[in-house]
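Examining the three-dimensional arrangement
If you want the building blocks of each chain, they are given just below.
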Amino acid sequence: MASEKPILYGYFRSSCSWRVRIALALKGISYDLVPVNLVKDGGQQFSAEFKAVNPMRQVPALKIDGITLSQSLAIIHYLEDTHPNPRLLPQDPKKRAQVRMIADHIASGIQPLQNLNVLKQMGEKKMEWAQNCITSGFRALEQILQHTAGRYCVGDEVSMADLCLVPQVANAERFKVDMGPYPTITRINKALLELEAFQVSHPSQQPDTPAELRA
């Protein structure tokens, strides 16, 4: 009996959901989408129905192989373990550690500080707050990437670090961050957006993307 198709609970603009969409696209895993609008109706993530899926009331969540996973990097690690090709974590231990470091730098050190829940608390200062969080993180990230990057974040192969980078740059652009001081980040982001997996997973291309934001 064939296993059921995975179900992704996500939101078109969620950078964490985008990371997982890229991984699914790269690994050629088809899935069904259940949109969870983080704004409509006070936030559909707070519904009893979705709380049963993810008690943290955050996207993404992925139902796959009889289990439900949340947290984007945990999901990507599972996909890496169960669908190892193409590889998103290098075999070389040093490069693998660098990929994890960059992914964590973004997923733990930048994105949570400027996500929707935090910005709601900042009121009129939300734009300034988001800009400060992202520029502080990008200053460090630019310096790190100058030592690790080839064509992409670590060498010349797409990795989990790249899956985190592109959505974070999109957040930076959304919050009108000046990208001039970050030429390495900008160059890598441009190269990644030329790849099909990053294009089909883009927020402007999702089933729940509002018509006015579609590309």
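Check the entry above for the structure.
A brief report on the enclosed structure follows. (Residues numbered from 1 in each chain as written. Predicted model: local features only at pLDDT ≥ 70, side-chain atom pairs only at ≥ 80, totals over all residues. Heavy atoms only, no water.)

1. Topic: the overall build of the protein chain
To keep things clear, this is the line we draw: We count a stretch as a helix when DSSP gives it H or I for four or more residues in a row; a strand needs E for two or more, and each element gets its number in order from the N terminus. Just to be clear, the radius of gyration here is over C-alpha atoms, and the globule rule we use is 2.2 Å times residues to the power 0.38. Burial classes follow relative accessibility: with a 1.4 Å probe on protein chains only, a residue under 20% of its type's maximum area counts as buried, one over 50% as exposed, and anything between as partly exposed. Residue contacts follow a heavy-atom distance rule, with two residues in contact if any of their heavy atoms lie within 4.5 Å. Surface exposure here means Shrake-Rupley accessible area, sampled with a 1.4 Å probe, where a residue is shielded only by the protein chains that are shown. When charges are counted, Lys and Arg are positive and Asp and Glu negative, with His and the chain ends excluded. For the purpose of locating charges, the reference atoms are NZ of Lys, CZ of Arg, CG of Asp and CD of Glu.
The secondary structure content of the protein chain amounts to 9 helices and 4 strands. Starting at the N terminus and ending at the C terminus, the protein chain contains elements arranged as β-α-β-α-β-β-α-α-α-α-α-α-α. Here the C-alpha atoms of the protein chain give a radius of gyration of 17 Å, agreeing with the 17 Å that 2.2 N^0.38 yields for 215 residues. Overall, the C-alpha framework of the protein chain stretches about 45 × 45 × 30 Å when taken along its three principal axes. Buried positions account for 45% of the 215 residues belonging to the protein chain. Of all intrachain contacts in the protein chain linking residues separated by at least 6 positions in sequence, the fraction that spans at least 24 positions is 66%. Of the roughly 11100 Å² that the protein chain leaves accessible, carbon and sulfur atoms contribute 51%. Looking at charge distribution, the protein chain has the averaged site of its 24 positive side-chain charges lying 3 Å from that of its 21 negative ones.

2. Section: unusual backbone geometry
Omega for the peptide link from V59 to P60 comes to 5°, which places this bond in the cis form. Examined against the element boundaries, P60 turns out to sit in the loop between α2 (48-53) and β3 (61-64). A cis amide bond links N85 to the next residue, P86, at an omega of -5°. With respect to the secondary-structure elements, P86 resides in the loop between α3 (72-82) and α4 (93-109).

3. Some remarks on helix α6 (residues 126-148)
The line we're drawing: Expected helix span is given by 1.5 Å per residue-to-residue step, counting one fewer step than there are residues.
Over its 23 residues, α6 extends 32 Å from the first C-alpha to the last, a length consistent with the 33 Å expected when each residue adds 1.5 Å. Residues of α6 that are buried: A130, C133, I134, T135, G137, F138, L141, E142, L145 and T148. Buried residues belonging to α6 abut α4, α5 (116-122), α7 (160-174) and α8 (183-192).

4. Details of the sheet that holds strand β1 (residues 7-10)
Cut-off, in case you're wondering: Following DSSP output, two strands are said to pair if at least two bridges run between them. Axis geometry follows a simple rule: fit a line to the C-alpha atoms, using only the stretch in contact for helices, then measure angles between N-to-C directions, giving values from 0 to 180 degrees.
Taken in spatial order, the 4 strands of this open sheet run β2-β1-β3-β4, and their pairing is mixed. Only two strands of the sheet have a single neighbouring strand rather than two, namely β2 (32-35) and β4 (67-70). Put simply, the sheet's adjacent strands are angled 20° from each other on average, direction ignored. Bridge analysis of β1 against β3 gives 3 bridges, and the strand direction is antiparallel.

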